[in-house]
Amino acid sequence: IQINVTDRDGARTEGVEWKDYETLMECLTRNKFPILATCGGNASCSTCHSYLDQETFVKTGGTNEEEEDLLEMLDDTRHDNSRLACQVEWSESLDGAEIEIAPEW
Ligand code: FES
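These numbers were taken from a predicted model, which means no experiment stands behind them.

Draft legend 1. Examining the overall build of the protein more closely. Within the protein one finds three helices and five strands. Mapped from its N terminus to its C terminus, the protein presents α and β elements in the order β-β-α-β-α-α-β-β. In summary, the protein has a C-alpha radius of gyration of 12 Å against a globular reference of 13 Å for 105 residues, a match within 12%. Projected onto its principal axes, the C-alpha positions of the protein cover 30 × 30 × 25 Å. Taken across its 105 residues, the protein has 46% of its residues classed as buried. Considering only contacts in the protein between residues 6 or more positions apart, those separated by 24 or more positions represent 61%. Summing over all exposed atoms, the protein offers an accessible surface of approximately 5,600 Å²; the carbon and sulfur share of this is 44%. Between the centroid of the 8 positive side chains of the protein and the centroid of its 24 negative side chains there is a distance of 6 Å.

Here it is in C-alpha cells:
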C-alpha cells in the first residue's frame, strides 16, 4: 500500500510504500524518515510518535494499553489521533493514510 507522510519540517511525501510485513515504524525508518526507534519497537521510547488522520486512527483500532501508558507521559504533543508507529500494523485498508511525524519531545 502507499501512504503520505508529513515530516517534522512540514514537508509532505506522497506515495510512500508500506510493505505488508512492516509495522508503520519500520516503514518510516526504511523510507529514511527521522525516527530513532531507540527501543526497537517495544512501545517504550516514544520516538516513533506519529499522528494519523482520524479515519486511519479509527481503522487501526486506536491505542493499546502499553502504548497508552507511554503516550500519557507526552502531555502537550499528545493528540487524540496519536499513535506509536511501532504499534501500528499494516493493513490493506490503510492505503492512502495520512501520517504526520510528531515533534520531538
Ligand atoms: Fe520505541 Fe515505538 S519505537 S516506542
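Back to the text.
Draft legend 2. Here's a closer look at the side chain of R83. Here R83 lies in strand β4 (residues 82-84). Among the polar contacts made by the side chain of R83, one reaches the main-chain carbonyl oxygen of G62 at a distance of 2.9 Å.

Draft legend 3. Expanded view of the sheet that holds β4. Taken in spatial order, the five strands make up an open sheet running β2-β1-β5-β3-β4, and their pairing is mixed. What marks the edges here is a single partner per strand, and that holds for β2 (12-17) and β4. Neighbouring strand axes in the sheet, compared pairwise and without regard to direction, differ in orientation by 35° on average. Two strands pair when backbone bridges link them, and strand β1 (residues 2-6) and β2 are joined in this way by four bridges, in the antiparallel orientation. Across the sheet, the residue bridging to Q2 is E17, located in β2.

Draft legend 4. Highlighting the nonpolar core. Core analysis: the largest hydrophobic core is formed by 27 residues, its most contacted members being I3, V5, W18 and L24. When contributions to this core are tallied by element, the ones reaching two or more residues are β1, α1 (24-30), α3 (65-72) and β5 (98-101). No other element matches the four residues that α1 contributes to this core. Residues in contact with V5, not counting those within four places in the same chain, are A11, R12, T13, V16, L28, F33, I99 and I101.

Draft legend 5. Structural context of the pairing of β5. The two faces of β5 differ: I99 and I101 on one face are buried, but E98 and E100 on the other face are not. Where strand β3 (residues 49-52) and β5 come together, three bridges link them in antiparallel fashion. Bridge pairing links Y51 to E100 in β5.

Cut-off values and rules
Residues numbered from 1 in each chain as written. Predicted model: local features only at pLDDT ≥ 70, side-chain atom pairs only at ≥ 80, totals over all residues. Heavy atoms only, no water. Helix = DSSP H or I, 4+ residues; strand = E, 2+ residues; numbered from the N terminus. Rg over C-alpha atoms; globule rule 2.2 N^0.38 Å. Buried < 20%, exposed > 50% of the residue type's maximum accessible area, 1.4 Å probe, protein only. Contact = heavy atoms within 4.5 Å. Areas by Shrake-Rupley, 256 points an atom, 1.4 Å probe, with all protein chains shown as cover. Lys, Arg positive; Asp, Glu negative; His and termini not counted. Charge placed at Lys NZ, Arg CZ, Asp CG, Glu CD. Polar contact = N/O pair within 3.5 Å; in protein donor to acceptor, adjacent residues only side chain to side chain. Pairing = 2+ DSSP bridges. Axes fitted to C-alpha atoms, helices over the stretch in contact; angles between N-to-C directions. Core = buried A, V, L, I, M, F, W, Y, C linked by side-chain atoms within 4.5 Å.

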